[in-house]
Amino acid sequence: MNSADVVQALVREEASSEQIAQNSPLSESFVALVARGLHDPNLVRSRELREGGPAIFPFWQKWTNRPWLFVFLSTLIVLALFVLVTLLVNRTIPSGSRSLWKGLIGAVLFGVLVLSHTVCYLRHCMVRHVLFGAVGLFGATLSLVVILRITNQIDWASTFGFALASIFVCVFYCLIQVPVAVLGGYLRVRKQGQVRTNLTRQQLIENLFNVRERLAKVSIGEPPETGWTERPNAIWLRDHIYAFAAISGFCYAFLYAIMVLVLDPQGKMFSGGSLSASVVIGQLIFAVGSLALTIAIGLGAQRAGRAISAYVVHVFASMPIYLIPLGPFGPKFFNREFMFSTIGTLIIFGTVVLACSVGVTIEQSARRDRMLAANNKEVLESEIADLERRLRPESRRICVMDVDAYRSARMKADADAFEAEWSFREYQIWIARVCNRYLGVVHATAGDGAVVGFPSSAQALEAAIALQAEMAVFNLRVNRLPTPFMIRIGLHTGEVQGALDQVQFTEVIDVAAHVQKAVPVGTIGLTERTVENLDRSQFQNLEQKVDGYSVFVLNGVCGPAETL
């Protein structure tokens, strides 16, 4: 029995730690330590949180898997509780305090209901769930109204009033919860985008291997899931969103004006007079219609900027109708009523438009994730193409310098350990400081040297000359070791895809390292690619090739190799 078997046995509680230790080559103290760790409350708590928390969290997730059903049932439950509590208050509380208690209890129950719905929408992050939830809310409240009417708890007038109130509550509910769902979706998409952006090159390669393996197992690609944004009607609406916004705004204002002229020719709805039931119903119908058009514009535009500008077109397209001097309308009405209400309309309904347009982006992202999880062939191929594009960005030309300290192991062996540690750290700092003067970026460091990238071969050569020239100063003023530092430098120029510090294996780095090992100590070696844009008269050909490249040495730069 190995250590893994011991852990499994302890988890399954097959025997005590003493009995398990007898059947294992591990010591009893070690097994007891493992058992103690498994029962550590901090470990149990962290594992509990990773698995979804206490039992209430799996129950919550299962309960909210269908948002519209959750909204419908939870609303019914809360309304039923409110009715029961109201009956209890009527029987136990004096009449003078009943209204206060009913208001407090109603506010608490409504707060709990809205909070639970908000958390549900933050989890699912879909605007359509809010719309389904609003339908469920309306269905729940209407069901309760019907029950109250059947049981003769309310009269027909109250039934009609409660039904209208339910519609207004649903509209207000959408105005509150749509931004919540959009916010949750925006946070999720942003987090996913940050995770994808921050993936290391190694993680990108692992993801590429994983997606390739999944694609290899897909024999016949199923037709891709067609989202509603890709359907012909949605595409037509997206391509003609401004025309739709203008026509719908004009037609809405025209129909609304007719409704007012027929049902309220005196304009009592604008002057604050008493309204008939037909006027209230007409106002309600047009309010719902306005919300529907707003949602259509937001979803149809599919982008936030287009959605806002299209809604502005929608609002201004309705202005000419209200300027016609018929009934309560005309220039006075326009200046007194319409312009004032337009500001509030743009703020309230503009928020809905913006939320819907962002919701489209969230929906498209979620649909792609679903298709990717379902191993859809087209989406897998698209993911592979994206990963390969990120792994093979646009290449750029770079000159790499490889610096190495000669016989560094002997230098450390012949010196005090602390002096060696301090001196080699200062040596690395000195290399970086000199190279930075010539726009060099240190890619990798080791105790003996460094790999540095430069934008051009000329800058790399100047930095190499500076290193060799300042080496004696470093040994005199900084180095605490009895043996002086002596370096050799190799330069090679080539193409690199992406940032040098993100590339673990590239020919440019390898060739520079091989050139550095091939040249004498105290010199600077350059490949033919590096010297092709420089004055060749200052270089001497070593008459040998490294990795297929001719190698040159800079004249007049020679360290104390002869003294070794």
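Scroll up for the structure.
For the structure given in this document, a descriptive report is provided here. Residues take numbers from 1 onward in each chain, read along the sequence in its written order. Residues qualify for local features only when their pLDDT is at least 70, as the model is predicted, and side-chain atom pairs are given and counted only at 80 or more; totals for whole chains, interfaces and linings, by contrast, use all residues. With hydrogens and water set aside, each side-chain value is computed from the structure's full complement of heavy atoms.

So, about the overall build of the protein. Helical segments are the DSSP runs of H or I of at least four residues, strand segments are the runs of E of at least two, and each set is numbered from the N terminus. Secondary structure summary: the protein contains 23 helices and 7 strands in total. Here's how the labels work: a residue is buried when its accessible area is under 20% of the maximum for its type, exposed when over 50%, partly exposed in between, all with a 1.4 Å probe on protein chains only. Here the protein, with 564 residues, has 39% of them falling under the buried criterion. Computed with a 1.4 Å probe, the accessible areas rest on the Shrake-Rupley method; for each residue, only the protein chains presented here act as cover. When the accessible area of the protein is evaluated, it comes to approximately 31500 Å², of which 62% is carbon and sulfur surface.

What follows is about the pairing of strand E6 (residues 539–546). Here E6 pairs with strand E7 (residues 549–554) via 5 bridges, running antiparallel. Residue pairing in the sheet places Val546 in a bridge with Tyr549 of E7. Hairpin remark: E6 followed by E7, antiparallel, with 2 residues in the connecting loop; positive phi at Asp547, about 55°. Two strands pair under a simple rule: DSSP has to find at least two bridges between them.

Note on aromatic contacts: the rings of Phe and Tyr and the six-membered ring of Trp form a pair at centre separations within 6.5 Å, being stacked when their planes are under 30 degrees apart, edge-to-face when over 60 apart, and tilted otherwise. Taken as a whole, this structure holds 10 aromatic pairs when the rule is applied. Taken together, the ring pairs in this structure connect Phe424, Tyr427, Trp430, Phe474 and Phe485 into an aromatic cluster. The lysine or arginine in question, Lys412, covers the ring of Phe424, its NZ or CZ lying 4.6 Å from the ring centre. Note on criteria: charge over ring means Lys NZ or Arg CZ within 6 Å of the ring centre, with the direction from the centre no more than 35 degrees off the ring normal.

Put simply, helix H20 (residues 417–436) and helix H21 (residues 457–477) touch, their axes get as near as 10 Å, and they point 140° apart. Viewed along their axes, H20 and H21 form a crossing whose handedness is right-handed. Residue-level contacts link Ser423, Glu426, Tyr427, Trp430, Ile431, Val434 and Cys435 of H20 to Ala463, Ala466, Leu467, Glu470, Met471 and Phe474 of H21. When the residues that make up the contact of H20 with H21 are grouped by side-chain class, the tally is 10 nonpolar, 1 polar and 2 charged. To get an axis, a line is fitted to the C-alpha atoms, and for a helix only the part in contact is used. The angle between two axes follows their N-to-C directions and goes from 0 to 180 degrees. Less than a right angle of anticlockwise turn of the near helix away from the far helix marks a crossing as left-handed, whereas a clockwise turn marks it as right-handed. The criterion used for residue contact is that any of the two residues' heavy atoms lie within 4.5 Å. Each residue gets one of three labels, nonpolar for Ala, Val, Leu, Ile, Met, Phe, Trp, Tyr, Cys and Pro, charged for Asp, Glu, Lys and Arg, and polar for the others, Gly among them.

Here the focus is the side chain of Arg306. Residue placement: Arg306 occurs in helix H15 (residues 304–317). It turns out Arg306 is buried and unbridged, and the closest side chain with the opposite charge, Asp239, is 5.9 Å from it. Any pair of nitrogen or oxygen atoms within 3.5 Å is treated as a polar contact; in protein, a donor-acceptor pairing is required on top of that, and neighbouring residues in sequence qualify only through side-chain atoms on both sides. A distance of 3.4 Å separates a polar atom in the side chain of Arg306 from the backbone oxygen of Ala301. If we skip the residues at most four places from it in the chain, Arg306 touches Arg238, Ile241, Tyr242 and Ala301. Residues counted as positive are Lys and Arg, residues counted as negative are Asp and Glu, and His and the chain ends are not counted. By convention in these notes, a salt bridge is any Lys or Arg side-chain nitrogen within 4 Å of a carboxyl oxygen on Asp or Glu.

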